[in-house]
Amino acid sequence: MENNRLLITLFGATGDLASRKLYPAIYRLYKYGHISNHFSLIGTGRSKWDDNKIREVVLESIKDEIDDKEHAHEFISHFYYLIHDVNDADDYSSLKELAEKLDHQYDIQGNRIYYISLAPNLFPIITHNLKQQNVLTEQGFNRLIIEKPFGHDQASAAELQNQLEKSFDEEQIYRIDHYLGKYMVQNIKTLRFNNPLFESIWDNQHIDHIQITLDEEVGVEDRAEYYDTSGVLKDMIQNHMLQLVALLTMEKPENFDAEGIHQNKLEVLSKIQKFDSIEALNENTVFGQYDTDKDNTVLAYRDEEDIDPESMTPTYFAAKILIDSKRWEDVPIYIRSGKRVAKKATHIVVAFKAASNGNIENHLKIEIAPKQGYELHLKQNNTDYDDGLMSVPLSYYLNREDEKSLAGDYERLIYDCIIGQRENFTHYEEVDASWEFIDHILKLADKATPPIYPNYASYSIGPKEADSLLEKDGRYWYD
Ligand code: BG6
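The written sequence of each chain sets the order in which its residues are numbered from 1. Residues qualify for local features only when their pLDDT is at least 70, as the model is predicted, and side-chain atom pairs are given and counted only at 80 or more; totals for whole chains, interfaces and linings, by contrast, use all residues. Values shown for side chains rest on all heavy atoms present in the structure; no hydrogens or waters enter the calculation.

The next point concerns unusual backbone geometry. Residues lysine 148 and proline 149 are joined by a peptide bond in cis, for which omega reads 5°. Put simply, DSSP H or I for four residues or longer makes a helix, DSSP E for two residues or longer makes a strand, and each gets a number counted from the N terminus. For proline 149, the position within the fold is in the loop between strand 5 (142-147) and helix 6 (154-165). Cis peptide bonds are those with omega within 30 degrees of zero, and the linkage from alanine 369 to proline 370 qualifies with 0°. Along the chain, proline 370 turns up in the loop between strand 13 (360-369) and strand 14 (373-381). Even without being glycine, arginine 340 reaches a positive phi, approximately 55°.

What follows deals with helix 1 (residues 16-31). To estimate how far a helix should reach, multiply one less than its number of residues by 1.5 Å. Under the 1.5 Å per step criterion, the end-to-end length of helix 1 is 22 Å for 16 residues, consistent within 8% with the ideal 22 Å. Of all the bends in helix 1, the greatest, near 35°, is centred on leucine 22, and the proline proline 24 appears no more than four residues after it. Only protein chains enter the accessibility calculation, which uses a 1.4 Å probe; a residue whose area is less than 20% of its type maximum is buried, one above 50% is exposed, and one in between is partly exposed. The element helix 1 is extensively covered by neighbouring structure, given that 12 of its 16 residues are classed as buried. Taken as a whole, helix 1 has its buried residues at Leu17, Ala18, Leu22, Tyr23, Pro24, Ala25, Ile26, Tyr27, Arg28, Leu29, Tyr30 and Lys31. At any given residue, the bend is defined as the angle formed between two axes, one fitted to the seven residues that end at that position and one fitted to the seven that begin there.

Once that is clear, we can look at the pairing of strand 5. Where burial is concerned, most of strand 5 is hidden: 6 out of the 6 residues are buried. Of the two faces of strand 5, the one holding Asn142, Leu144 and Ile146 and the one holding Arg143, Ile145 and Glu147 are both buried throughout. Strand direction decides the pairing type here: strand 4 (residues 112-116) and strand 5, joined by 4 bridges, are parallel. Of the residues in strand 5, the one forming a bridge with isoleucine 113 is arginine 143. When the strands point away from the viewer and the connection leading from the first strand across the helix to the second strand turns clockwise, the crossover is called right-handed. Once you follow strand 4 into helix 5 (residues 123-132) and on to strand 5, the crossover reads as right-handed. Strands are labelled as partners when DSSP assigns at least two bridges between them. The pairing of strand 5 with strand 6 (residues 173-176) spans 4 bridges and is parallel. In the sheet register, isoleucine 146 faces strand 6, and the bridge partner there is arginine 175. Assessed by its sense of winding, the connection that carries the chain from strand 5 through helix 6 to strand 6 is right-handed.

The next point concerns the site of the ligand. Inspection of the region around the ligand gives Lys148, His178, Tyr179, Lys182, Glu216, Arg223, Asp235, Met236, His240, Lys339 and Lys344 as its neighbouring residues. Polar contacts, as used here, are pairs of N or O atoms within 3.5 Å; protein pairs need one atom able to donate a hydrogen and one able to accept it. Residues neighboring in sequence count only if both atoms are side-chain atoms. In the model, an oxygen atom of the ligand is placed 2.8 Å from a nitrogen or oxygen of the lysine 148 side chain. Taking arginine 223, its side chain carries an N or O atom lying 2.8 Å from an oxygen atom of the ligand. In the complex, the protein chains occlude 81% of the 400 Å² of accessible area that the ligand would expose alone. Residue type decides the class: Asp, Glu, Lys and Arg count as charged, Ala, Val, Leu, Ile, Met, Phe, Trp, Tyr, Cys and Pro as nonpolar, and the leftover types, Gly among them, as polar. Partitioned by chemical class, the residues of the shell around the ligand number 2 nonpolar, 2 polar and 7 charged. Being near a molecule or strand, for a residue, comes down to having at least one heavy atom within 4 Å of it. Accessible surface is estimated by sampling points in the Shrake-Rupley manner with a 1.4 Å probe; for residues, cover comes only from the protein chains shown.

The subject of this paragraph is the sheet that holds strand 14. Judged by pairing direction, the sheet is mixed, and its 8 strands sit side by side in the order 8-10-11-7-12-13-14-15 without closing on themselves. Looking at strand neighbours, the two that pair on one side only are strand 8 (285-288) and strand 15 (389-397), the edges of this open sheet. Ignoring strand direction, the axes of neighbouring strands in this sheet form an average angle of 10°. When strand 14 meets strand 15, the two strands line up antiparallel, connected through 9 bridges. Directly across from tyrosine 374, in strand 15, lies its bridge partner tyrosine 396. Its contacts with the sheet place helix 7 (residues 183-193) against strand 12 (345-353), strand 13 and strand 14, and it is angled at close to 140° to strand 13. Contacts are residue-level and defined by heavy atoms, with any inter-residue pair within 4.5 Å sufficient. The angle between two axes is taken between their N-to-C directions and runs from 0 to 180 degrees, where each axis is a line fitted to C-alpha atoms and a helix contributes only its stretch in contact. Most of the contacts of helix 9 (residues 224-249) go to strand 11 (residues 333-338), to which it runs at about 145°, and overall it touches strand 7 (207-215), strand 8, strand 10 (316-321), strand 11, strand 12 and strand 13.

Written out as C-alpha cells, the structure reads:
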C-alpha cells in the first residue's frame, strides 16, 4: 500500500506529548502492520540529542506495549534526530537533505507527514519555511498535523489560517481534536445513523433534552501559563464540547465522507443561538473557579503556582444552549465542564420524552470516560406487588481486555492521517464557527457583573448554580 510508505517529521520530538502519546501510538501502528518498514521518523528539537538518544527515549516510551523485543528494536532503528531551530531558514536545508537521504534509504517515494507539536505561534514559521526551503515534496503527499489552540479567538484563528494556507491547502491540514479520536465519540455517528431505532426518534418530537458533561478531577497541573490565558471556554468548550454538540445534532450527511460530515457539522455550529443580552447570558450560563477542598488539602486555583492571585479565569462553565433548527426547536442542550470536580466523568445523556405525558421515561447514556459504553434506561414493572414502574438499564461496556486492545485517540488519528481520511479532524470553518460562539459569550461576560470567584470547592460537584440551570426547567443532571 502506497500510504504505508511514510516519513514523519516531528517538530517537538523532545517534548512531553511525543513520549507520552505520539511514540506509543506510532509504535502500535507499526506493531499491528499499519506502518511498514518503508517508514522513518525525523525528530527535531533544539536540545542536543542524537539518533541514539531519540531511540532510547522512544524505547522507554513504548515499553508497556512491547511484546516482541526484536521488532521493537527494528522499530526504533527507523528514528533519527536533527538539532533544528525552527526560526533558522538554513536548518531547513539540513532537514531537506536528511529527509531525502531517508526517503531513498527506506524507499518512501515522497510521502510526508509534518507533525508540529510545538507552541502555536511557531506553526506559521514552520509551514512557511517548509515551503520556502522546498522541503515539501513534488511526488507523494504532504500532510500537516497541528493541535489546538487554533488561535485564541475568531480573528487570531483567521490570521493563523491565512498564514497556513500560504503553504498548505485545507485538504492537507489535519487539525487534531483528540476527542474526535475517542472510540465512543466516533461511535456517536454510528449509533445515530446505523441504528434505525435511534435515527427515527432523534428530534424534538422525541427528545426532551441533551446533557453533555466533561468533568475532570485534575486541576491546572503544570500548565498555568497556558491555562490562565485560556480558561475552560477556550480549553474545552470551543473545541471538544462544541464538536460533541455538532456530532449529536447534525443532520444525516448525504455522503459520509469528510466533506459531507464537515458541512453538516458546520451547519449546526452556526445555528447555535447566541445570547442576545447580558441578562440572557446570566440566565443561561454559569462560570466558576475552583477553591481549595473542604479539608484544605489542595490549592485554590488562584493559589496555584504561576497563576495570577486575582485571576478571573473560569475553570468551570455550564450553559443551556439551543439550536435554531426545526429538528431541535425547544430541545435544550445542557453542557458543563470543570476542572477539579468530584470525579472524571465524560458522558452524554439523551433524555427521551414519553409518548403520552411528556415526562422523561427513557434515557440513553453514552459514556466516553472513564468507562466506555452505553446504557439505555427503559421502564418496566416493579418486581414488588405494587403496580409502579422502575427504570432498568440495558448496558454494554467495554471490558478491560477490550480496552487494552483498543486503539488510542492519537493512534486512530495518526492512522487516519496516514490513509488520508479527514472526517475525524476539524475543518477550519468549524473552528471559525466555534470561535464565533465563544467570542460572543466572552465579550458579553466581560460586560456582566463578574460572578464571585472562587465559587466551588475542589472535588465538589461544581458551583450550585449549575444545578439550578436545570432545576428551573424541572430537570436534573444525570450522574
Ligand atoms: C485537553 C485540555 O484538550 O483535554 C486539558 O487542554 C484537558 O485541559 C484534556 O485536561 C482532557 O482530555 P481527556 O481526554 O482527559 O478528557
